[in-house]
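Single-letter residue listing:
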Amino acid sequence: MIARRGRPPAYDREAALMAIAEAFRLRGYAAASLDEIARAAGMNRPSLFAAFGNKKAMYLAALEDYRRRMEQAVSPALEGEGPLGDALTGFFDAAIGFYGEGAAPGCLVLCTATAEAPADEEIAAALADTISGIEAQLTARIAREAADGEAAGLAQLMVSVLICIAVQARAGADEAALKRFARASVAAALRQAL
C-alpha cells in the first residue's frame, strides 16, 4: 500500500459538495462565480481547484452528489408495499421537501442543467441520466400494479409532473400548493391509467 504524501485535506468533501451545489442552485452554472463557489465551500480558490478541478468539474460533481442525495430522499417512498397512489404521493412529498431545503428552492439538476445542456454534452448527459434514473425508479414501482406499457407511460408522466414541481418550486410556489398539485396529478393519472 502506498502512503499518501502531503498534508491530509482540511475540508469535508461531502459538506463542500453540498455547499457548491447550493451555490450553483442559487445562481445557476453560468452566473455562479468562482469566488462565490469558494466562499460557499469555505475554501480558497487554489484549494477548491485542487479538490474539485475546474468550474465545470465542480458543477458535474455537484450534480452527481445532488442526484445521489435526491435518490436517497425519495427512494423509501417507492420501496414500500402500500398502494401505488400512496407511494407516488410519498415520492412527491419527499421531492418537494428536498427541493425546499437550502437558500434556493427547486432542483439543482432540473432547474439549472436544462439551461446548460444544449451547449454542453457532458451536462446534457448528466441531465439525461438523472431523468432516466428517476423514470426507471418510478417504472419499477408502477410496474408492480400496472402492465409494462402502462408503467413506462405513467412513469414518464410522473417525471413530467416532477419537472413541473421543480420549476414551480424555483418560481416560489409554496409547499402546500406543490403538494396539492402533486396529489391532483397522481389522482388524475391513476384514474386514467389503472
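Figured I'd write up the structure that's included with this text. Each chain has its residues counted from 1, following the order in which its sequence is written. In view of the model being predicted, local features appear only for residues whose pLDDT reaches at least 70, and side-chain atom pairs are presented and counted only at 80 or more, with totals across whole chains, interfaces and linings using the full set of residues. With hydrogens and water set aside, each side-chain value is computed from the structure's full complement of heavy atoms.

Focus on the overall build of the protein
The number of helices and strands found in the protein is nine helices and zero strands. Reading the secondary structure of the protein in the N-to-C direction produces α-α-α-α-α-α-α-α-α. Dimensions along the principal axes, computed over C-alpha positions, put the protein at roughly 60 × 45 × 30 Å. Scored against the burial criterion, the 194 residues of the protein give a buried share of 42%. When contacts within the protein are restricted to residue pairs at least 6 apart in sequence, those whose partners lie at least 24 apart make up 69%. For the charge count, each Lys or Arg is scored as positive and each Asp or Glu as negative, with His and the chain ends excluded. Taken as the charge centre is NZ of Lys, CZ of Arg, CG of Asp or CD of Glu, depending on the residue. On the protein, the mean spot of the 20 positive side-chain charges and the mean spot of the 24 negative ones are 8 Å from each other. The helix and strand labels rest on DSSP assignments: H or I over at least four residues marks a helix, E over at least two residues marks a strand, and numbering proceeds from the N terminus. Here's how the labels work: a residue is buried when its accessible area is under 20% of the maximum for its type, exposed when over 50%, partly exposed in between, all with a 1.4 Å probe on protein chains only. Contact definition: two residues touch when any of their heavy atoms are within 4.5 Å.

Side note on the pattern of salt bridges
Close approach of charged atoms allows side chains of opposite charge to pair. For this analysis, a salt bridge means a side-chain nitrogen from Lys or Arg found within 4 Å of a carboxyl oxygen belonging to Asp or Glu. Inspection of the entire model under this criterion finds 11 salt bridges. A salt bridge links glutamate 36 to arginine 27; the nearest nitrogen and oxygen atoms lie 3.1 Å apart. Of the residues examined, glutamate 36 reaches a relative accessible area of 24% and is grouped as partly exposed. A salt bridge links lysine 56 to glutamate 122; the nearest nitrogen and oxygen atoms lie 2.6 Å apart.

A word on the nonpolar core
Nonpolar side chains in soluble globular proteins generally cluster together in the buried interior. By nonpolar core is meant a set of buried Ala, Val, Leu, Ile, Met, Phe, Trp, Tyr and Cys residues that side-chain atoms within 4.5 Å join together. Core analysis: the biggest nonpolar cluster contains 62 residues, and Phe24, Tyr99, Leu138, Ile142 and Met158 have the highest contact counts within it. Considering every element that reaches this core, the biggest residue donor is helix 8 (residues 148–170), with 10 residues. Residue contacts for leucine 138: discarding those within four places in its chain leaves Leu78, Leu88, Phe91, Ala155, Met158 and Val159.

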